[in-house]
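# Fold and contact review
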Amino acid sequence: MAVAPVIIQSAAKHTSTLIFLHGLGDTGHGWATSMGMIRTPDMKVICPTAPKMPVTLNAGFCMPSWFDLKTLDIGGPEDEDGIKNATKNVHELIRSEIQGGISANRIMLGGFSQGGALALYAALTFTEPLAGVMALSCWLPMHKSFPGSLKCPNTVPVLQCHGDCDPVVPYKFGQLSSSVLKTFMKNSQFQSYRGLSHTSSEAELEDMKKFIEKYVRRQ
């Protein structure tokens, strides 16, 4: 993490944390305000910014990216080393919060698009049970490695959200990822949003707010 993350301190005594990962080409600032609006008062928000790197999908141009994207074809090659390295960085952020006194089951992970894909993979490969993971407009990376790569308990709550008019990460990719997740995760839900493209909406944010309130109750 070359750039310092955007941090919104909790309004009340800090007892929980939300870590949210932005999409390709964005920064931590892109989602910080929205996450600050849907959190509980005792929740700190951390929105890190991805390092800049050349992205194959964008003709090798440098931009904030958690790992290289070679293609958005569901059967295409993936940057497995990059995904694993980015996951280590996310796990370090989580461990830092645990060392600060917040238990793993009070830490929520989330992300949008490429950030959502990383959030899913990082949550599933973290050994302790997180409060849950919110994966927006994304896919499950290295899906063929599961359930073998699964390290968290299969009871960790998963909320997947996807617009049915997404031209960037096709709705079908989200559906296929959800089908895979449901074969080994007991508490995985998929929310569709009619007419939504590759972005968020009030309805989606409201569903995320409810998910946070359900699984990270205010103490």
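Throughout what follows, the structure given in this document is the object of discussion. (Residues numbered from 1 in each chain as written. Predicted model: local features only at pLDDT ≥ 70, side-chain atom pairs only at ≥ 80, totals over all residues. Heavy atoms only, no water.)

Under the counting rule described, the total for this entry stands at 6 aromatic pairs. When the centroid spacing of 5.0 Å and the interplanar angle of 40° are considered together, the rings of Phe20 and Trp31 count as tilted. A residue pair is termed long-range when its members are at least 10 positions apart, and Phe20 in strand E2 (residues 16–21) and Trp31 in helix H1 (residues 29–38) qualify at 11 residues. Overall, the relative accessible area of 1% leaves Phe20 in the buried class. Taking 5.1 Å as the distance between ring centres and 35° as the angle between the ring planes, the aromatic pair formed by Trp31 and Phe112 counts as tilted. Note that Trp31 is positioned in helix H1 and Phe112 in strand E6 (residues 107–112), a separation of 81 residues in sequence. Of the two residues examined, Trp31 and Phe112, each falls in the buried class. Of the aromatic side chains, those joined through ring pairs into one cluster are Phe20, Trp31 and Phe112. (Phe/Tyr/Trp six-rings, centres within 6.5 Å; stacked < 30°, edge-to-face > 60°. Helix = DSSP H or I, 4+ residues; strand = E, 2+ residues; numbered from the N terminus. Buried < 20%, exposed > 50% of the residue type's maximum accessible area, 1.4 Å probe, protein only.)

A complete count under the given rule lists 4 salt bridges for this structure. Note that Asp68 and Lys70 form a salt bridge whose closest N and O atoms lie 4.0 Å from each other. Residue classification places Lys70 among the partly exposed residues on the basis of a relative accessible area of 36%. Between Glu213 and Lys209 there is a salt bridge whose closest N-O contact spans 2.9 Å. You can see Glu213 and its partner Lys209 sitting in helix H5 (residues 202–215), 4 residues apart, about one turn around the helix. For Glu213, a relative accessible area of 37% corresponds to the partly exposed category. (Salt bridge = Lys/Arg side-chain N within 4 Å of Asp/Glu carboxyl O.)

Right, let's talk about the side chain of Glu97 for a bit. Here Glu97 is to be found in helix H2 (residues 80–99). For Glu97, a relative accessible area of 7% puts it in the buried group. Other than its neighbours up to four places away in sequence, Glu97 contacts His14, Thr17, Lys44, Ile46, Ile102 and Ile107. (Contact = heavy atoms within 4.5 Å.)

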